[in-house]
Amino acid sequence: MSIHPADSQIFGALYGIGEMRELFSDRAHLQFMLDVEAALARAEAKLGLVPADIADAIGRAARVENLRLDYIAESTRRVGYPVIALVKELGRIAGDEAARYIHLGATTQDILDTALVLQLQRAFAIMRRDLIAIARALAERAAKFRDTPIAGRTHLQHAVPTTFGLKCATWASPLITHVERLDQAAPRMFVVQLGGAAGTLAALGADGPEVVEELARELALGVPDSPWHAQRDRFAEAGALLGLICGSLSKFALDISLMTQTEVGEVSEPHEEGRGGSSTMPQKRNPIASEYILGAARAVHALVPVMLGAMTADHERATGPWQSESLALPQCVALTAGGLAHARSIAEGMRVDTERMRRNLELTGGLIMAEAIATALVPRIGRAAAEAAVARVCNRAIAEGASLAAILRDDPGLRPHLSDAEIERLLDPAQYLGSAGVFVDKVVARVAALR
């Protein structure tokens, strides 16, 4: 087992996805750093600071397969960062003349930060894709079960009827908002970092701001107002966004877990042979995907404070806080991606038992419709009297183990106000769904507008 299960050959599929493992691998991270160095050379060549042929040579050399990874690893152990060794390796490959121009005006953190921005840009594109896929799958369920009654539960007890369609829409709605958040945050997060030794770009003279703009164009990133070595809000926002996404996924997963209980049985996770099984209880079909979503969410929520803590940076280059980002942010990305993958499998493949939903609605003998009875009585006897009367008949139904319909028909105080036909209608969950269908339609329309 590896130190982090998301990187494990055995456990990796439970805590992450292959795309993210590859994106945050050593080789990929080094390639992103090389991409930044090559882009910097091209940007400076456009401004006459680097000969064009030298920039071309640097670009050709900037391939991770050209590097001696053992040399970079040993240098990183001694120095504390991989960039010095990376620059030396790039110079060795590109040639002595090119080596004079590599990394011109930059500092280590410029390369590390901009490389991480590029990684996050691609990671967020993957997560955006999966968020939309989950939202669409849930919207399809919402539309299909738009008017299917199900017990609404508050404090884990029957409250009033709702619809399974609205539950699905409620799960989908924050995912749409997270897509919007990702899109809104992109211009803030995906910006180039180039500040030189202490954020002044003094080594580039008057050309510094133009180099920043050219580098941003080369990498298709935004241009910040100023270098942000010691302003870590961009990465903190990325971590917080991942925490929000995991929060919504964990609500979905918890609801699914509760609805798969033997005593409830209204939905189940998609099943394949052996999935969610037990080593001792062959009948078990545990909600294993939901469990791993919940586990990932707890870990991400524990790591978000690390990202917020890294914002407390001293002077022009922090002494320690920003180094903690590399411990937290890649884990947040990997775990969130894994949670999204599990959520997508549930959303697209969950099994729905509408007959069980109907039977569960009947478990309390009509008590779930108490609010509907009280609402109907208010115009006739007043709110206070209606609430007191319905509380009385509900308590009697519970005490006698009788149906609410039978007690209502037998209650002398309410009998003059409720006919048999009206009692039957008021106790029908399908007649007391309020605006559930309207809310479903709004969410479905929002999902349809996602691109």
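Scroll up to find the structure this text is about.
Residues numbered from 1 in each chain as written. Predicted model: local features only at pLDDT ≥ 70, side-chain atom pairs only at ≥ 80, totals over all residues. Heavy atoms only, no water.

(A) Layout of the overall build of the protein. The number of helices and strands found in the protein is 19 helices and 4 strands. Scaling as 2.2 N^0.38, a compact globule of 451 residues should have a C-alpha radius of gyration of about 22 Å, whereas the protein reaches 30 Å, well beyond that. Contacts in the protein between residues far apart in sequence, at least 24 positions, make up 75% of those at least 6 positions apart. Approximately 21000 Å² of the protein is accessible, and the part contributed by carbon and sulfur atoms is 54%. (Helix = DSSP H or I, 4+ residues; strand = E, 2+ residues; numbered from the N terminus. Rg over C-alpha atoms; globule rule 2.2 N^0.38 Å. Contact = heavy atoms within 4.5 Å. Areas by Shrake-Rupley, 256 points an atom, 1.4 Å probe, with all protein chains shown as cover.)

(B) Here's a closer look at the pairing of strand β2 (residues 157-163). Pairing between strand β1 (residues 149-154) and β2: 5 bridges, direction antiparallel. By the bridge assignment, P149 is partnered in β2 with T163. Hairpin connection, β1 to β2: the antiparallel pair is bridged by 2 residues, and H155 has positive phi, about 55°. (Pairing = 2+ DSSP bridges.)

(C) Representation of helix α8 (residues 108-144) in the model. Counted at 1.5 Å a residue, the expected span for α8 with its 37 residues is 54 Å, and the 54 Å between its end C-alpha atoms agrees. Among the 37 residues that make up α8, 28 are buried, leaving the element largely enclosed by the rest of the structure. (Expected span 1.5 Å × (residues − 1). Buried < 20%, exposed > 50% of the residue type's maximum accessible area, 1.4 Å probe, protein only.)

(D) Structural view of the packing of aromatic side chains. One pass over the structure, following the stated rule, counts 7 aromatic pairs. Here the aromatic rings of Y15 and Y292 are separated by 5.2 Å at their centres, their planes lie at 85°, and the arrangement is edge-to-face. With Y15 in helix α1 (residues 12-15) and Y292 in helix α12 (residues 288-309), this pair connects stretches of sequence that are 277 residues apart. Note on W228 and F235: the rings are 5.4 Å apart at their centroids and 80° apart in plane angle, and the pair reads as edge-to-face. (Phe/Tyr/Trp six-rings, centres within 6.5 Å; stacked < 30°, edge-to-face > 60°.)

(E) Main features of a nonpolar patch on the surface. Where nonpolar side chains cluster on the molecular surface, the patch consists of L156, L254 and L258 and spans about 290 Å² of accessible area. You can see L254 is positioned in helix α11 (residues 233-259). Taking relative accessible area as the criterion, L254 reaches 42% and is therefore assigned partly exposed. (Patch = residues over 30% accessible without salt bridge, like charges linked within 9 Å, V, L, I, M, F, W, Y side chains within 5 Å. Salt bridge = Lys/Arg side-chain N within 4 Å of Asp/Glu carboxyl O.)

(F) How the structure looks around the environment of K46. Take K46: it is sitting in helix α3 (residues 26-46). Each C-alpha atom, one on K46 and one on E214, is 7.9 Å from the other, the two residues being 168 residues apart in sequence. Look past the residues within four positions of K46 in its chain and what remains in contact with it is E214 and E218.

(G) Expanded view of the packing of α11 against helix α13 (residues 325-349). In the contact formed by α11 and α13, the axes pass within 9 Å of each other and the chain directions differ by 30°. Compared by their axis directions, α11 and α13 come out roughly parallel. Note on packing geometry: the crossing formed by α11 with α13 is left-handed. Only E325, L329, C332, V333, T336, G339, L340, A343, I346 and A347 of α13 make contact with α11, whose side of the interface consists of F235, A238, G239, L242, I245, C246, L249, F252 and I256. When the residues that make up the contact of α11 with α13 are grouped by side-chain class, the tally is 15 nonpolar, 3 polar and 1 charged. (Axes fitted to C-alpha atoms, helices over the stretch in contact; angles between N-to-C directions. Parallel < 35°, antiparallel > 145°, perpendicular 65-115°, else oblique. Left-handed = near helix turned anticlockwise from the far one by under 90°. Nonpolar A, V, L, I, M, F, W, Y, C, P; charged D, E, K, R; others polar.)

(H) Looking closely at the packing of α8 against α13. Put simply, α8 and α13 touch, their axes get as near as 9 Å, and they point 20° apart. By the angle class used here, α8 and α13 are roughly parallel. The element α8 and its partner α13 pack so that their crossing is left-handed. Packed against α8, whose contacting residues are L116, L120, A123, M127, R129, D130, L131, A133, I134, A137, L138 and R141, the element α13 presents L329, V333, T336, A337, L340, A343, R344, A347, E348 and G349 at the interface. Residues that form the contact of α8 with α13 fall into these classes: 15 nonpolar, 2 polar and 5 charged.

(I) Representation of unusual backbone geometry in the model. In this structure, L156 is a non-glycine residue whose phi angle is positive, near 70°. Mapping L156 onto the fold places it in the loop between β1 and β2. Judged by its relative accessible area of 71%, L156 falls in the exposed class.

(J) The arrangement of the nonpolar core in detail. Formed by 120 residues in total, the largest nonpolar core has its most connected members in F124 and F164. It is α8 that provides the largest number of residues to this core, a total of 19 residues. With residues up to four places along the chain from it excluded, the contact list for F164 reads F145, T148, I150, W171, M259, V267, M350, V352 and M357. Among the nonpolar cores identified, the runner-up in size contains 25 residues, and A151, A370, A386 and L427 belong to it. (Core = buried A, V, L, I, M, F, W, Y, C linked by side-chain atoms within 4.5 Å.)

(K) Focus on the pattern of salt bridges. Tallied over the full model, the rule gives 33 salt bridges. The salt bridge involving K46 is made with E214; its shortest N-O contact spans 3.8 Å. One end of the pair, K46, is in helix α3; the other, E214, is in helix α10 (residues 208-219), and 168 residues separate them in sequence. Judged by its relative accessible area of 13%, E214 falls in the buried class.

(L) Seen up close, the state of the cysteines. In this structure the tally under the stated criterion is 0 disulfides. The structure places no disulfide on C246, whose sulfur is separated from the nearest cysteine sulfur, that of C332, by 7.6 Å. (Disulfide = S-S within 2.5 Å.)

(M) Examining the environment of A388 more closely. As for its placement among the helices and strands, A388 is situated in helix α16 (residues 383-400). By relative accessible area, which is 48% here, A388 ends up partly exposed.

(N) Geometry of the environment of A334. Tracing the chain through its elements places A334 in helix α13. Exposure remark for A334: the relative accessible area of 17% places this residue in the buried category. Distance from A334 to G16, taken between C-alpha atoms, is 5.2 Å for residues 318 residues apart in sequence. Each residue touching A334, except ones within four places of it in the same chain, is listed here: A6, Y15 and G16.

(O) Layout of the side chain of E266. Topologically, E266 is positioned in the loop between α11 and β3 (267-268). Residues within four places of E266 in sequence aside, it is in contact with I150, R153, M259, R351, V352, D353, R356, M357 and N360.

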